[in-house]
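Residue-level structure breakdown
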Amino acid sequence: MAESPLRVAIAGAGMAARLHLDAARRAGARVVGVCASTPERGKQAAVRFGLDRSFDSAEELATSDEVDVVHVCTPNASHRRLAELALLAGKHVICEKPLATTSDEADALLELARDSGLITAVPFIYRYHPMAAEARARVRSGSIGPVRLIHGHYLQDWLSGPGDNNWRVDPGLGGASRAFADIGSHWCDLVEWVTGHRIDKLIAMVHTVLPVREGAARGTFSGLDDATGAEPTVSTETTVTTEDTAHLLFSTDLGASGALTVSQVSPGRKNRLWFEVDGGSASVAFDQENPESLFVGSRTGNAKLLRDPALLSPQAAYLSVLPAGHPMGYADCFAAFVGEVYAAIRPTANQGTSTGYGYPTFDDAARTVRLTEAVLRSARSRSWTEVPR
Ligand SMILES: NC(=O)c1ccc[n+]([C@@H]2O[C@H](COP(=O)([O-])OP(=O)(O)OC[C@H]3O[C@@H](n4cnc5c(N)ncnc54)[C@H](O)[C@@H]3O)[C@@H](O)[C@H]2O)c1
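So, how was this worked out
Residues numbered from 1 in each chain as written. Predicted model: local features only at pLDDT ≥ 70, side-chain atom pairs only at ≥ 80, totals over all residues. Heavy atoms only, no water. Helix = DSSP H or I, 4+ residues; strand = E, 2+ residues; numbered from the N terminus. Rg over C-alpha atoms; globule rule 2.2 N^0.38 Å. Buried < 20%, exposed > 50% of the residue type's maximum accessible area, 1.4 Å probe, protein only. Salt bridge = Lys/Arg side-chain N within 4 Å of Asp/Glu carboxyl O. Phe/Tyr/Trp six-rings, centres within 6.5 Å; stacked < 30°, edge-to-face > 60°. Contact = heavy atoms within 4.5 Å. Pairing = 2+ DSSP bridges. Axes fitted to C-alpha atoms, helices over the stretch in contact; angles between N-to-C directions. 1 Å grid on protein atoms, 1.4 Å probe; cavity = no way out; pocket = protein on both sides within 12 Å on 5 of 7 lines; lining within 4 Å. Points joined across faces, edges and corners; volume = space filled by probe spheres on them. Nonpolar A, V, L, I, M, F, W, Y, C, P; charged D, E, K, R; others polar. Domains from an automatic or database assignment. Buried area = accessible area lost by both parts, 1.4 Å probe.

A closer look at the overall build of the chain
Assigned secondary structure in the chain consists of 11 helices and 16 strands. In terms of overall dimensions, the chain is globule-like: its C-alpha atoms have a radius of gyration of 20 Å, near the 21 Å expected for 389 residues. Judged by the C-alpha coordinates and their principal axes, the chain covers about 60 × 60 × 40 Å. A buried classification covers 55% of the 389 residues belonging to the chain.

So, the pattern of salt bridges
Enumeration according to the criterion identifies 24 salt bridges in this entry. The salt bridge involving K97 is made with D182; its shortest N-O contact spans 3.1 Å. A residue pair is termed long-range when its members are at least 10 positions apart, and K97 in the loop between β4 (92-95) and α5 (103-116) and D182 in helix α8 (residues 179-195) qualify at 85 residues. Bridged by salt links that share partners, the residues R53, E60 and E66 form one connected network.

Examining the packing of aromatic side chains
Tallied over the entire structure, the rule returns 7 aromatic pairs. For the pair Y126 and Y154, a centre-to-centre distance of 6.1 Å together with 80° between the ring planes defines the contact as edge-to-face. In this pair, Y126 sits in the loop between β5 (120-121) and α6 (130-140) while Y154 sits in strand β6 (residues 147-155), placing the two residues 28 residues apart along the sequence. As far as burial versus exposure is concerned, Y126 and Y154 are alike and both buried.

Quick look at the environment of R30
By the element assignment, R30 lies in strand β2 (residues 30-35). Given the relative accessible area of 45%, R30 is considered partly exposed. Sequence-distant contacts of R30, defined by excluding residues within four places in its chain, comprise P5, L6, R7 and V8.

Let's talk about the side chain of R168
Considering the arrangement of structural elements, one finds R168 in the loop between β6 and α7 (171-174). A relative accessible area of 13% means that R168 is categorised as buried.

A word on the sheet that holds β4
With respect to topology, 5 strands assemble into an open sheet ordered β2-β1-β3-β4-β5, the strand pairing being parallel. Only two strands of the sheet have a single partner each, and these edge strands are β2 and β5. Running over the sheet, helix α1 (residues 15-26) touches β1 (7-11), β2, β3 (69-72) and β4 and is turned about 170° from β1.

Focus on empty space enclosed by the protein
Tallied over the full model, the rule gives 1 cavity of 30 Å³ or more. In this structure, the largest cavity is lined by I150, V191, E192, T195, H197, R198, I199, F250 and T252. Contributions of two or more residues to the lining of the largest cavity are made by α8 and β10 (245-252). For the lining of the largest cavity, the element with the highest residue contribution is α8, accounting for 3 residues. For the lining of the largest cavity, the per-class residue count stands at 4 nonpolar, 3 polar and 2 charged.

Considering the domain arrangement of the chain
When the domains of the chain are assigned, the result is domain 1 (7-124) and domain 2 (126-386). Averaged C-alpha coordinates put domain 1 and domain 2 at centres separated by 22 Å. If you look at the interface, domain 1 gives 47 residues, while domain 2 gives 49 residues. Roughly 3900 Å² of surface becomes buried between domain 1 and domain 2 when both sides are summed, with 67% attributable to carbon and sulfur atoms.

Section: the sheet that holds strand β11 (residues 257-263)
The 9 strands are arranged β15-β14-β13-β12-β6-β11-β10-β7-β16 in an open sheet whose pairing can be described as mixed. Across the chains shown, the open sheet's two edge strands, defined by having one partner strand only, are β15 (303-306) and β16 (385-386). Where β6 meets strand β12 (residues 272-279), 8 bridges bridge the pair, whose relative direction is antiparallel. Residue pairing for β12: H151 is matched across the bridge by E276. On the sheet, α8 packs against β6, β7 (199-207), β10, β11 and β12 and is oriented at approximately 30° with respect to β12. Relative to the sheet, helix α11 (residues 362-381) contacts β7, β10 and β16, its axis offset from that of β7 by approximately 55°.

Dropping the structure here:
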C-alpha cells in the first residue's frame, strides 16, 4: 500500500513561503496549513495559498500533531526558536537562512538537530541550478586544473532608495548583518560547495550607504503578506545600523584566494549572483540571472555551454528536469531541494533518486552564521580574521 503523503506546514506567508509551498506540492506532500504574523493574516494566506487551514501562531504550527515537516519561512530572528520548538516536538525541519542571528544560537540548534536524529535542512538553493552543478562537476573533477582564484559578486537594488524599507533592515528582526547575512551567505555557500574550498581567513569592509530610511517596513515582495503584522504608519524614519554593502578579500584552506562584493543598493541589479572560479587551465563562471548557461574559458578558446542534459555531468543532468531550450530557474531549485529533503525523510516514498551529494544541512547553515560573524568582526577591527571551522 502506498504511504500517505508527508504532512507539512509553512510558518510565514511571504516570498519564501510561496516558494516552499509550490515546491512541497511538486514533491507530493500534503500542505496542511500556514501561519503569518497575525491569525487574521494567517487566514488570508490560507485562502491565497489554496489551503483549508491556517494556524493562529507559528508556535501552534511548529508543535501541531497534524504535521510531520515544519518549514520555517519567517523573519530571521524567529528561526532558531521555531526550529527548536519543532525539533523538540519531533518534526523534521526545513529552516530558512540564516539559521540564527548569532553563532552561539546556531551551534546550539545544530547540536539539538544532531541529537534529534531528525532531518534538518536549509535552502541554499542556488546549489540546485543545473549549471551551478555543472561548474561543481568540472571543478571537482580537476578538469579546470587547481583552483587559484574565486571571485564574484551578489548585487541587488531593491533597497537602494531612502524610501525602501523592510524588516531585514531592523537588526532586531534581521540580525546584526543584513546584506552579507541575507545574500552574501548564499554566495559563500555556493562557491564553497562548487570548489570544496573553505574560506579560512578574510578581511572585510561593510558600509551603511543609507543611514536613515523613511517609510514603513514592508514585506519582501509587494502583493504578498506584510512582514511583521505591525500597522504601517504614514511616515516612519528608521536609523539604519545594518550594512547595505560588504566587500571581502579572502584566502581558502586549500590555497586559493578570492574577492566578493555584496550590495543591496546597486541600481538595475535585481538578483545578480555571479561567480567565477579560475583554475590552472580553465575558468568557469555562473550567473544566476542567466542560469541556462555556464561560461567555460581557456587559453585555447572560450565557450558558453548551454544546459543540455545530454551533454552535462550526471548531477547537472539529474537536475535538468526540463529538456534543453526550455528555460529552468529559481523555483525549480526550490523544488529540487525540497524533493531531495523529503526523499531523505521518506527514502521509500520515492521522490526518486537524488543528486548524490546531499542537501544543504544545519551544519552548512551554522557555518555561514560563523562566516557572517567573522565578516562583522573583521570590519570592526579592520584586520584579517580567521573563520572558525
Ligand atoms: N533561500 C532563499 O533563497 C530565500 C529567499 C527569500 C527569503 N528567504 C528567507 O526567508 C525568510 C522570510 O523572508 P521573505 O522574503 O519570505 O519575507 P517576507 O517579508 O516576504 O515574509 C515574511 C513572512 O513572515 C510572516 N511573519 C512575520 N512574523 C511572524 C511570526 N511571528 N509568526 C508567523 N509568521 C510571521 C509574515 O506575516 C510574512 O508572511 C527570511 O529568513 C529570508 O532570509 C530565503
